[in-house]
Amino acid sequence: MNEKNAQFVESAFKEYYFNRFDLIHVPQKASEREFGYQKFNSGMTRHLVIKNDKELHLLLMKEVPSDVYCSNAYYSFPGLPMSEKDWKGADLIFDIDAKDLGLPCRQDHTIFKCSSCGNGTIGFQPQCQQCGSAKFESVSTTCKNCIAESKNQVTRLVDMLTSDLDIKKEEIEVYFSGNEGFHMRVTNSDYESIGSHERADLADYLMFNGAIPESFGVPRQYSSKASLPSVDEKGWRGRVARNLFSSKSKTPKISRDIITNGHSAFQMQLEEMKKTMGVKIDPKVTMDIHRIFRLEGSINSKSGLTKIQCTDLDSFDPFQSACLLGDDSVDILVDCPTQVRLKNKKFGPYKNEKVSMPKYAAVYMLCKGLGNLL
């Protein structure tokens with residue numbers, strides 16, 4: 001981001017942090033967590049100890065960070081280097097991002113910007129039609145469908161956590177990430193003490209990775225005594241059975257067909273089920289027991305939207321509830337070849353146009369690299 005744009009966005013962030021302390025709080029066990037932040041066009045500052053809201057608010061006003069983070073882990077000495085912190089445990093965390101869902105709508109709002117001249121187009125081009133360069137950077141905005149499908153993934157994950165892992169609903173916190181998806185955190189659970197390898201296994205379970213026919217009663221060698229799971233079973237066995245058997249009357253025939261078709265054919269069926277039944281989370285986030293995770297209530301510098309808790313997922317609209325910057329008019333030169341909706345207003349498409357728009361929309365365009373201040 002050029003310096004002029006960065007100064008303007010920083011000013012908008014400072015105004016937000018001054019006015020919205022009510023949304024920004026340290027999490028539970030704050031004094032045992034590591035905090036960190038990043039400033040505009042600068043590197044990361046980590047290994048900070050922040051004990052309460054007052055210290056956090058002072059940091060935000062003094063440094064005006066582009067992004068603020070807090071560890072999911074608890075340490076005896078959170079301010080020391082990683083090797084000396086003395087890890088005590090960590091919340092379970094999950095990241096669901098629309099860009100990882102393989103949605104067909106993505107091609108309609110993914111912008112390829114020429115690295116040489118900045119010309120933006122929808123859909124990949126082998127070379128820039130304006131200057132001939134073959135180097136591009138991709139920028140994505142988010143649509144209603146992206147959010148709806150991300151919500152479906154959140155709902156599916158909550159169901160698995162509560163039904164398969166016996167995690168209580170009150171221990172699960174759901175947040176809009178501030179950009180293109182949702183973050184989830186599980187606190188005060190029996191899973192705080194498990195390590196990175198166990199969390200990787202847990203992520204594989206939730207994603208339905210590595211499922212084998214033997215786990216569902218189909219052996220490598222044909223056996224007339226093979227038996228598939230019942231729809232009444234818990235966990236993945238019951239989930240797979242409900243997917244296979246549309247009705248109890250058809251269960252015997254479908255079971256015989258699956259067993260007769262053999263191990264390899266059923267393995268392919270399981271791979272297809274993974275695409276629609278496994279939760280699409282980022283496994284690297286879940287398995288990282290030292291990660292510093294975006295702080296709730298802070299602004300995401302990739303969009304200018306706030307990471308905010310979703311108390312009612314069904315009715316939650318991030319383009320309204322997480323769009324919390326000011327609405328005074330700003331003049332900006334915009335090159336955004338797709339339409340963006342914020343606060344029930346539509347912006348774009350624009351082709352290198354001088355536009356007056358509310359500050360929240362101008363910051364969104366600047367953070368996405370789709371505009372410059374005049």
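These figures come from a predicted structure and were not determined experimentally.

Enquirer: Go over the domain arrangement of the protein, please, and point to the residues and values.
Expert: Per the domain assignment, the segments of the protein are domain 1 (3-100 + 143-204 + 286-373) and domain 2 (209-277). Taking only C-alpha atoms into account, the centre of domain 1 sits 40 Å from that of domain 2. The interface of domain 1 with domain 2 comprises six residues on the first partner and six residues on the second. The largest share of the area that domain 1 buries against domain 2 comes from Met 160, Asp 164 and Asp 204, three residues that together contribute 69% of it. Where domain 1 touches domain 2, the interface holds one salt bridge. For Asp 164, the salt bridge goes to Arg 239, with nearest N and O atoms at 3.0 Å. For the interface between domain 1 and domain 2, the tally reads three residue pairs in polar contact (both at pLDDT 80 or more). The element best represented in the side of domain 1 that touches domain 2 is helix H3 (residues 144-163), accounting for four residues. For the side of domain 1 that touches domain 2, the class distribution of residues is one nonpolar, one polar and four charged.

Enquirer: Help me get a handle on the side chain of Lys 85, residues and values and all.
Expert: On the secondary structure map, Lys 85 appears in the loop between strand E4 (73-75) and strand E5 (87-90). On the basis of relative accessible area, Lys 85 is assigned to the buried category, the value being 0%. Polar contacts involving the side chain of Lys 85 include one to the side chain of His 47, which spans 3.0 Å. A polar side-chain atom of Lys 85 sits 2.8 Å from the main-chain carbonyl oxygen of Leu 80. With residues near it in sequence (within four places) discarded, Lys 85 still touches Glu 34, His 47, Tyr 75, Ser 76, Phe 77, Pro 78, Gly 79 and Leu 80.

Enquirer: Pulling in residues and values, what's your account of the packing of helix H5 (residues 235-244) against helix H7 (residues 263-277)?
Expert: Where H5 contacts H7, the axes come no closer than 12 Å and their chain directions differ by 100°. Relative to H7, H5 is oriented roughly perpendicular. Along its contact with H5, which presents Trp 236, Arg 239, Val 240, Asn 243 and Leu 244, the element H7 presents Phe 266, Gln 269, Leu 270, Met 273 and Met 277. Per-class residue counts for the contact of H5 with H7 are seven nonpolar, two polar and one charged.

Enquirer: Let's hear about unusual backbone geometry: which residues, and what values?
Expert: For residues that are not glycine, phi is negative in most cases, and the peptide bond is trans in most cases. A cis amide bond links Gly 348 with the next residue in sequence, Pro 349, at an omega value of 0°. Although it is not a glycine, His 47 sits at a positive phi angle of roughly 60°. With respect to the helices, strands and loops of the structure, His 47 is situated in strand E2 (residues 44-48).

Enquirer: Give a detailed account of the side chain of Ser 140, specifying residues and quantitative values.
Expert: Along the chain, Ser 140 falls in strand E9 (residues 136-140). A distance of 2.5 Å separates the side chain of Ser 140 from the side chain of Glu 180, its partner in a polar contact. In this structure, Ser 140 is in contact with Arg 106, His 109, Thr 110, Glu 180 and Lys 368, ignoring residues within four places of it in sequence.

Enquirer: Pulling in residues and values, what's your account of H7?
Expert: With 15 residues, H7 extends 20 Å between its outermost C-alpha atoms, agreeing within 8% with the 21 Å of an ideal straight helix rising 1.5 Å per residue. Within H7, burial applies to His 263, Phe 266, Leu 270, Met 273 and Met 277. Looking down the long axis of H7, one finds its buried residues gathered within 70° of arc, a one-sided arrangement. Along H7, the residues that are exposed and aim more than 90 degrees away from the buried face are Ser 264, Met 268, Lys 275 and Thr 276. At its buried positions, H7 is contacted by H3, H5 and helix H6 (251-261).

Enquirer: Now, about the packing of aromatic side chains: what can you tell me, with residues and values included?
Expert: Two numbers describe a pair of aromatic rings. These are the distance of the centres and the angle of the planes. Going through the model one piece at a time under the given rule, you end up with eleven aromatic pairs. With 4.0 Å between their ring centres and 15° between their planes, Phe 208 and Trp 236 make a pair best called stacked. Within this pair, whereas Phe 208 is found in the loop between helix H4 (196-207) and H5, its partner Trp 236 is found in helix H5, the two being separated by 28 residues in sequence. Here Phe 208 matches Trp 236 in class, with each residue buried. Measuring from ring centre to ring centre gives 6.2 Å for Phe 347 and Tyr 360, while their planes differ by 80°; the resulting arrangement is edge-to-face. Of this pair, Phe 347 sits in strand E18 (residues 345-347) while Tyr 360 sits in helix H10 (residues 359-367); the two residues are 13 residues apart in sequence, bridging distant segments of the chain. Note on accessibility: Phe 347 and Tyr 360 belong to one class, buried. Clustering of aromatic rings is evident, with ring pairs tying together Tyr 205, Phe 208, Phe 216 and Trp 236. Its guanidinium or amino end placed over the ring of Tyr 75, Lys 85 lies 5.3 Å from that ring's centre, counting from NZ or CZ.

Thresholds applied
Residues numbered from 1 in each chain as written. Predicted model: local features only at pLDDT ≥ 70, side-chain atom pairs only at ≥ 80, totals over all residues. Heavy atoms only, no water. Domains from an automatic or database assignment. Contact = heavy atoms within 4.5 Å. Buried area = accessible area lost by both parts, 1.4 Å probe. Salt bridge = Lys/Arg side-chain N within 4 Å of Asp/Glu carboxyl O. Polar contact = N/O pair within 3.5 Å; in protein donor to acceptor, adjacent residues only side chain to side chain. Helix = DSSP H or I, 4+ residues; strand = E, 2+ residues; numbered from the N terminus. Nonpolar A, V, L, I, M, F, W, Y, C, P; charged D, E, K, R; others polar. Buried < 20%, exposed > 50% of the residue type's maximum accessible area, 1.4 Å probe, protein only. Axes fitted to C-alpha atoms, helices over the stretch in contact; angles between N-to-C directions. Parallel < 35°, antiparallel > 145°, perpendicular 65-115°, else oblique. Expected span 1.5 Å × (residues − 1). Arc of directions from axis to C-beta. Phe/Tyr/Trp six-rings, centres within 6.5 Å; stacked < 30°, edge-to-face > 60°. Lys NZ or Arg CZ within 6 Å of the ring centre and 35° of its normal.

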